[in-house]
Structures are given as structure tokens and as C-alpha cells.
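One letter stands for each residue in the lines below.
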Amino acid sequence: MEARWGKLARARNPVFKAPIPMSLSTAEIIAQLTALLGPGGVIADPAQMGAYLNEPRKRFHVPAIAVGLPATVEQVQAIARFANEHGVGLIPQGGNTGLVGAQVPLRGDEVIISLSRLDKVRAIDIAAGTMTVEAGMILENAHKAAEAEGAMFPLWLASQGSARIGGVLSSNAGGVNVLAFGNARELCMGVEAVLADGRLYQGLSSLKKDNTGYDLKDLLVGAEGTLGIITAATLKIFPQPEEFETALVNVASPEVALTLFQSLRERAGSRLNAFELIPWIGLDIQLRHGMLDRDPTAGPSPWYALVEISRMKGGTSGALQSALEAAFETGLVDNAVIAESLADRTRMWDFREQMSECQSREGASIKHDVSVPIAAVPQLIAEGSIAAQRVVPGIRPVPFGHMGDGNIHFNFSQPVGADGKAFMAGAEPVHAAIYEIVLKLGGSVSAEHGIGQLKTELLKQVKDPVALEMMHAIKNALDPKGIMNPGKMLG
Ligand SMILES: Cc1cc2nc3c(=O)[nH]c(=O)nc-3n(C[C@H](O)[C@H](O)[C@H](O)COP(=O)(O)OP(=O)(O)OC[C@H]3O[C@@H](n4cnc5c(N)ncnc54)[C@H](O)[C@@H]3O)c2cc1C
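Residues numbered from 1 in each chain as written. Predicted model: local features only at pLDDT ≥ 70, side-chain atom pairs only at ≥ 80, totals over all residues. Heavy atoms only, no water.

**Section: the site of the ligand**
The local shell around the ligand holds 35 residues, among which Pro92, Gly95, Thr97, Gly98 and Ser159 are the closest. At 2.6 Å from an oxygen atom of the ligand is found a side-chain nitrogen or oxygen belonging to Thr97. At 3.2 Å, a side-chain N or O of Asn485 approaches an oxygen atom of the ligand. Protein chains shield 92% of the accessible area of the ligand, which is 970 Å² for the free molecule. Broken down by secondary-structure element, the contributors of at least two residues to the shell around the ligand are β3 (89-93), α5 (165-170) and β10 (229-236). Tallied by class, residues from the shell around the ligand come to 13 nonpolar, 19 polar and three charged. (Near = heavy atom within 4 Å. Polar contact = N/O pair within 3.5 Å; in protein donor to acceptor, adjacent residues only side chain to side chain. Areas by Shrake-Rupley, 256 points an atom, 1.4 Å probe, with all protein chains shown as cover. Helix = DSSP H or I, 4+ residues; strand = E, 2+ residues; numbered from the N terminus. Nonpolar A, V, L, I, M, F, W, Y, C, P; charged D, E, K, R; others polar.)

**As for the sheet that holds strand β6 (residues 130-134)**
By definition, the strands of a sheet pair up through backbone hydrogen bonds, in either a parallel or an antiparallel sense. In spatial order, the strands read β5-β6-β10-β8-β9; together these five strands make up an open sheet with antiparallel pairing. Every other strand in the sheet has two partners, leaving β5 (121-125) and β9 (200-203) as the edge strands with one partner each. Each strand of the sheet is rotated relative to its neighbour by a mean of 15°, with strand direction disregarded. As defined by bridge partners, β6 adjoins β10 across five bridges and the pair is classed as antiparallel. Opposite Met131, over in β10, you have Leu235 as the bridge partner. Along the sheet face, helix α3 (residues 73-86) touches β5, β8 (188-194), β9 and β10 and points at about 55° away from the line of β8. (Pairing = 2+ DSSP bridges. Axes fitted to C-alpha atoms, helices over the stretch in contact; angles between N-to-C directions. Contact = heavy atoms within 4.5 Å.)

**Here we look at the domain arrangement of the protein**
Each domain of the protein was delimited in the assignment, giving domain 1 (26-117), domain 2 (121-239), domain 3 (243-354) and domain 4 (362-450). Placing a centre on the C-alpha atoms of domain 1 and another on those of domain 3 gives a separation of 42 Å. (Domains from an automatic or database assignment.)

**Structural notes on unusual backbone geometry**
One non-glycine residue, Lys58, lies in the positive phi region at around 55°. Relative to the helices and strands, Lys58 resides in the loop between α2 (50-53) and β2 (66-68). In this structure, Glu224 is a non-glycine residue whose phi angle is positive, near 55°. Tracing the chain through its elements places Glu224 in the loop between α7 (216-220) and β10. For Glu224, a relative accessible area of 9% gives the class buried. (Buried < 20%, exposed > 50% of the residue type's maximum accessible area, 1.4 Å probe, protein only.)

**Some details on the sheet that holds strand β1 (residues 42-43)**
Read across the sheet, four strands follow the order β1-β2-β4-β3 without closing on themselves; strand pairing throughout is mixed. Both outer strands of the open sheet, β1 and β3, are each paired with one neighbouring strand and no more.

**Topic: the side chain of Ser301**
Counting through the fold element by element, Ser301 comes out in the loop between α9 (280-288) and β14 (303-311). Residue class for Ser301 comes out buried when judged on its relative accessible area of 8%. Polar side-chain contacts of Ser301 include one of 3.3 Å to the backbone oxygen of Val251. In this structure, Ser301 is in contact with Asn250, Val251 and Trp280, ignoring residues within four places of it in sequence.

**A closer look at the pairing of β6**
Remark: a regular strand shows side chains that alternate across the two faces of the sheet. Summarising burial for β6: five of the five residues are buried, a large majority. Side chains of β6 alternate between two faces, with Thr130, Thr132 and Glu134 and Met131 and Val133 buried alike. For β5 and β6, the ladder comprises four bridges, and the chain directions are antiparallel. Across the sheet, the residue bridging to Asp125 is Thr130, located in β6. Linkage of β5 to β6, two consecutive antiparallel strands, is achieved through a turn of four residues, within which Gly129 is found at a positive phi near 70°.

**Let's talk about the pattern of salt bridges**
Evaluated as defined, the whole model comprises 20 salt bridges. A salt bridge links Arg185 to Asp218; the shortest N-O distance between them is 3.7 Å. Taken together, the positions of Arg185 in the loop between α6 (178-181) and β8 and Asp218 in helix α7 put the pair 33 residues apart, joining distant regions of the chain. Residue Arg352 pairs with Glu276 through a salt bridge whose shortest N-O separation is 2.6 Å. Placement of Arg352 in helix α11 (residues 342-353) and of Glu276 in strand β13 (residues 272-279) is noted, with a sequence separation of 76 residues between them. Pair check on accessibility: Arg352 and Glu276 agree, each one buried. Through salt bridges that share partners, Asp284, Arg288, Glu362 and Arg396 make up one connected network. (Salt bridge = Lys/Arg side-chain N within 4 Å of Asp/Glu carboxyl O.)

This is how it looks when you write it as C-alpha cells:
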């Protein structure tokens, strides 16, 4: 394979064993699934599979044989045993909100296993700071379950009303609170999972210390369903903050945002929950398309930083205000608006969370979910914008996102008036230009969305070859017949 991104011309692209050919017809597979799950547990009519096949990016349009809806862990085990015996590919699915096509078919001969019926809270232990829930629980319901006990599960994503715990863990999702609490992997203490051959790995644990060998939980988290089906997880929960102080700060450039980030970190430490960067074009698009009832910012600015600090019980109020006053005094920033009500805070977060969607109102967009060391974010944005504009004159850079994590969604809207299809047909050289800069800066070509079927070829080109061999060895050991989410991640 031609190494377009240089670094990994050395990649050896180890070949993964092809799944064994299926020995059953489609009708036989559906009949067997129905025998295992009952008629209400199987969707075999293509007209009723839309919710499981239509993914958010609308890029992948391959049918599935059926959707299985197990209601118990034992049913998940029975499906795996059956699929392993007959070489049937299984795709574990949560809320179908993934952005890299990992949760939808690649070949058309797979069965989707939706965990949506396994959605109960198993236990909440406030003293231990843990909550054990089934994999099909919707993320927002996990938030509510923790809140009902006066606690907080701090993984917040714009897709939290649909994404489910198993999907969130399997894609090692990030979101807006990674800065203070880490990504899904760091928020998970243990998992229960059905392996490809139907065995149950009982790894639910609330131990903070356990040095008894390999961390198998960390293998299953972020595996995109290629190593097993997570059925439940023990998650970390935290005391609820008394208050969130939220502000939208006008910043002149990403460099200024970086300096502001460092000064807020010095003052607030781990209470700095979020530091999100948004370019002016994002506000312009949202206002023009009526996506905001009013401008949530303090006025025009090339960039905005959405910052949030939490205050715990007994803590002093006004930490964000005094930190921003210090930034005004040094001349670092000259305008900001601090949320004075829940409505203000909601409006600020809506502005941030609508960044992805708003681009579709302006036609086609080319997207990159990348990360670099935080100090290199300004260089990434500057060099990436110039490089893309060189490839497509008039292209509109819309880089936004989790600046505090070095994770920028480096998106580009089509030139005004351009033909969307032609613009997308020319995406490859834009990707190449951005990934080359990301790799030069020591970054990652997938910060939080994963590999799925979108980036399998890219992974082969950029991942360390020894790491790739280790990944294949693990896959072959745990799923020798290749039935778990075939073709995803490792290709
Ligand atoms: C509007 C929007 C905003 C988003 N914002 C963010 C963001 O800020 N940060 C971020 O990281 N992501 C974000 N995402 C991406 C997506 O929401 C997350 O990746 C989410 O964690 C996926 O959860 P899901 O339940 O929808 O998983 P799915 O899409 O159903 O599946 C994702 C992957 O997990 C696997 N999987 C699902 N369930 C299981 C299981 N029980 N066992 C094993 N494997 C399983 C699937 O096979 C697939 O590989 C966003 C998506 C949208 C649409």
C-alpha cells in the first residue's frame, strides 16, 4: 500500500484471518435467532431496520440480515455461541450514534445485536463512588440515575440522549468533561462481557487497586465491539458540584485561547471542567440559520472559548469571575459573558453542541477528529487552514472542540456556492494535508470517534507496526473465527 503519510511506510499490514464462510442461509439464521430470542426479539423486515442502519453521518448504507434484541445476558451468550459455531458476523450496537460506521454493517451478511433491552441499573454505591448499569442504558438515563442519588456521572456528549453505555465504552467516548474526569475508559472500573464463543467475562469490579495481571477491562473498552459484547459496566460517579460557573470568552486567536487555558488551569486545577474553542464562523452560521434564539456571546470576536468551572459544597463562589478579571488586567482578553442563569448556561452549551449540526446547513463538510499536544493546537489550526485552502480555494475552515484536551474537530465547509458532491469528491487531498500536519505534530488521526469502517486503511498506514501486530494477536486470541464486528477497526 502506498504510504501517503510517510511515517508508516514501514507498516506491515498484518492480514487478519477472514471469517469462516457461513454455513447457514439467511432464512435459517433468522429462524435460529427467533428460536433463541422469541419473535419479539428479532427484526427481520428490512423496512423496520432503519433506526439500526441509518447512522448519523449518512455514509454507510449496507443492509443487515437481521437485528437481534436480547433481553438477558444469557440470550447474548446464546447468540454468540450460535454465531461462533456457524461463522455469522455479529455487530454489537448501542444507540447507533457512532461517527465512524463501526456500529452498522460493512458486508451485508452480519446480524446487528442491539443491547437496548438490557438497560437497568444493577447497583449504586455512593460510599464507593460506583454505579453498575447494563450496557443498553442510555447515557442520559445513567446521568439521571446518578443524580437521583445526589451523585454525578460526568460523561457528557451532545448525543447523550441516544448513546448507550456499551457504545460509549466501546468507542471510549470523550465529550466535554474529559479535562476534569477523563474519557470513558477512565470512568470505567470494570465490565461484564460476552466473548465470541459465548463465555461470560465477569469483570465487574469497584476495586481501586488490583494488580493481578493484564487489565482486560481496558482491552474491551475502546475495542469497538471487535473483542466481545459488553453487557454491563461499573462506572465511577462523583459528588454533584454545588454550582457550575460558565462563561463565553472572546479570544483573539487560538494562541490567546491557549494562554487563557493555562492561566485558568493554574487557578482552578481539576475544577476546570471544560475549555472548548469555537470559531466566529460557527456563531455566524448558527445566527444566520436561526439556530440560536439570541447571540450568547459578548460580541463579535474571531474566536470564543467556552469555559466552565465547578464549585463543590463549601467552595468559594466567583472563581471564574476572578480568573477572568485577572485575564482582563493583563490584557489577555477584553470581553466575556458569564452565565447568570441556567438558561444562559444552556444557551452557551447549545451554541457549542450545535457546531457539528450547523455545518450541514451550509452544505457539505469535510471532517477530521484529531488530537495534538495541547501546546500545538494553534499551529495545527494555522497550518491546517492554509494547507486546506491551498488544496481547495475558498474552503471554509471550521475548527472547533475540546481545546483543553488537544482534540480539535478540524472541519471544513464547502466554498460558498460550490457543488457539495464535487467538493466531497475532492476530500482525499484535504484529509492527506491535515493528517500529515497532525502526524508531524505528534498527534492522533482519531482522537475520540474511533476507527470503525471509516479509518481502517488510515490506521494501517499510521499506527506503529508492532502495535498493529499486537492488536491482531489479541483479536485472533479472543475471536479466532472473526465473528465480532467483522472488518471493523483492523480491516
Ligand atoms: C451529535 C453527536 C455528538 C457527538 N459527540 C461526541 C463527543 O463529544 N465525543 C465523543 O467521543 N463522541 C461523540 N459522538 C459519537 C458517539 O455519540 C459516541 O461515540 C458514543 O459513545 C457512541 O455510543 P452509541 O451507544 O451510539 O454506540 P454505537 O454507535 O451504537 O456503537 C459504537 C461502537 O460501539 C460498539 N458497541 C456498541 N455497544 C456495544 C456493546 N454493548 N458491546 C460492545 N461493543 C458495543 C459498536 O459495535 C461500535 O463499534 C457524537 C455523536 C453525535 C451524533
